[in-house]
Amino acid sequence: NALVAPDTLAFNATTTRVQISWVDRSTTETQFLVERAPVVGGVVGAYSALATVPSTSTAGLATAYTYNNTVGLNATQVRVGNTYVYRVTAQRVDALGVTTSSAASTELTVAFVAPTVPTGLNVVSVVRPAGTNNNVITLNWTNNVPANAPAVSSTRIQRATNAAFTTGVVNSTI
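Residues numbered from 1 in each chain as written. Predicted model: local features only at pLDDT ≥ 70, side-chain atom pairs only at ≥ 80, totals over all residues. Heavy atoms only, no water.

### Considerations on the overall build of the chain
Item 1. Counting secondary structure elements, the chain contains 0 helices and 13 strands.
Item 2. Counting from the amino terminus, the chain carries its helices and strands in the arrangement β-β-β-β-β-β-β-β-β-β-β-β-β.
Item 3. Across the 174 residues in the chain, those meeting the buried criterion constitute 26%.
Item 4. Long-range contacts, defined as pairs at least 24 residues apart, comprise 53% of the intrachain contacts of the chain with a sequence gap of at least 6. (Helix = DSSP H or I, 4+ residues; strand = E, 2+ residues; numbered from the N terminus. Buried < 20%, exposed > 50% of the residue type's maximum accessible area, 1.4 Å probe, protein only. Contact = heavy atoms within 4.5 Å.)

### Remarks on the pattern of salt bridges
Side chains carrying opposite charge are able to pair once their charged atoms draw close together.
Item 1. Applying the stated criterion across every chain yields a total of 2 salt bridges.
Item 2. The shortest N-O distance in the salt bridge between Arg-25 and Asp-7 comes to 3.1 Å. Here Arg-25, found in the loop between strand 2 (17–23) and strand 3 (31–40), pairs with Asp-7, found in strand 1 (residues 7–13); they are 18 residues apart in sequence, far enough to count as distant.
Item 3. Taking the relative accessible area as the measure of exposure, Arg-25 reaches 41% and is therefore partly exposed.
Item 4. Exposure remark for Asp-7: the relative accessible area of 29% places this residue in the partly exposed category.
Item 5. A salt bridge links Glu-35 to Arg-87, with the shortest nitrogen-to-oxygen separation between them at 2.8 Å. A residue pair is termed long-range when its members are at least 10 positions apart, and Glu-35 in strand 3 and Arg-87 in strand 7 (residues 83–93) qualify at 52 residues. By the burial criterion, Glu-35 is buried, and Arg-87 matches it. (Salt bridge = Lys/Arg side-chain N within 4 Å of Asp/Glu carboxyl O.)

### Notes on the nonpolar core
Item 1. Within the largest apolar cluster, 14 residues are counted, with the highest numbers of intra-cluster contacts made by Leu-9, Ile-20, Trp-22, Phe-32, Tyr-86 and Val-88.
Item 2. Looking at this core, the elements with two or more residues in it are strand 2, strand 3, strand 7 and strand 9 (106–111).
Item 3. A per-element tally of this core places strand 7 first, with 4 residues. (Core = buried A, V, L, I, M, F, W, Y, C linked by side-chain atoms within 4.5 Å.)

### Focus: the confidence of the model for the chain
Item 1. Across the chain, pLDDT averages 78, with 78% of residues at or above 70.
Item 2. Between the elements of the chain, mean pLDDT differs from a low of 59, seen in strand 6 (residues 62–68), to a high of 91, seen in strand 4 (residues 43–44).
Item 3. Under a pLDDT of 50 for its full length, residues 69–75 has, in the predicted model, 18 contacts with residues more than four places off or in other chains. (pLDDT = per-residue confidence, 0-100.)

### Some words on the packing of aromatic side chains
Item 1. In total, this model carries 1 aromatic pair according to the counting rule given.
Item 2. If you follow Arg-36 out to its NZ or CZ, it ends over the ring of Tyr-84, 5.0 Å from the centre.
Item 3. Note that Arg-87 overlies the ring of Tyr-47, its terminal NZ or CZ placed 3.5 Å from the centroid. (Phe/Tyr/Trp six-rings, centres within 6.5 Å; stacked < 30°, edge-to-face > 60°. Lys NZ or Arg CZ within 6 Å of the ring centre and 35° of its normal.)

### As for unusual backbone geometry
Item 1. Even without a glycine there, the phi angle at Thr-8 is positive, about 55°.
Item 2. Here the phi dihedral of Phe-165 falls at roughly 55°; this positive angle occurs in a residue that is not glycine.
Item 3. Structurally, Phe-165 is set in the loop between strand 12 (156–159) and strand 13 (170–173).

### So, the pairing of strand 7
Item 1. By the criterion of burial, strand 7 is predominantly enclosed, with 8 of the 11 residues buried.
Item 2. Bridge count between strand 3 and strand 7: 9 bridges; the pairing is antiparallel. Residue Val-34 lies in a different strand from strand 7, and its bridge partner there is Val-88.
Item 3. With 6 bridges connecting them, strand 7 and strand 9 associate as antiparallel partners. The residue bridging Arg-87 from the neighbouring strand is Glu-107, located in strand 9.
Item 4. The pairing of strand 7 with strand 8 (residues 99–101) spans 3 bridges and is antiparallel. (Pairing = 2+ DSSP bridges.)

Following this line, the structure appears as structure tokens:
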């Protein structure tokens, strides 16, 4: 039986990982080859293998692969601001270890963009709880996350004793 390329390639990104998923359309594959290539100046570069994912060999079963995306330290990691093409190919490895690949692959181009600065910062309330000398300030803002940006996992809030933020700076991460 001829190998059939997987389809319905999709991705989901957070600040720590990228998940690539696809639908299995072949019943004779033993694994899937997941590859990625950088796109520079609109030109797709060389593909590099990320992983081989064992197959369940059940036609129509959605199979997913997940790998870490810690931004920017080495060539195997995704970098915010870059564009990549992901490719998934069905493969069959026979008893002698010979690998056969499907004639076609499924590709998906993904541009990873950084979240932009939050907007609409305002003070919702200022309350001094009874018996304390401290105010509790409730803030509200809008996170501006572009479509292909990793989800925002935390926000850093700063306060300072002067408007230039040069003295008495305190950072809080939520």
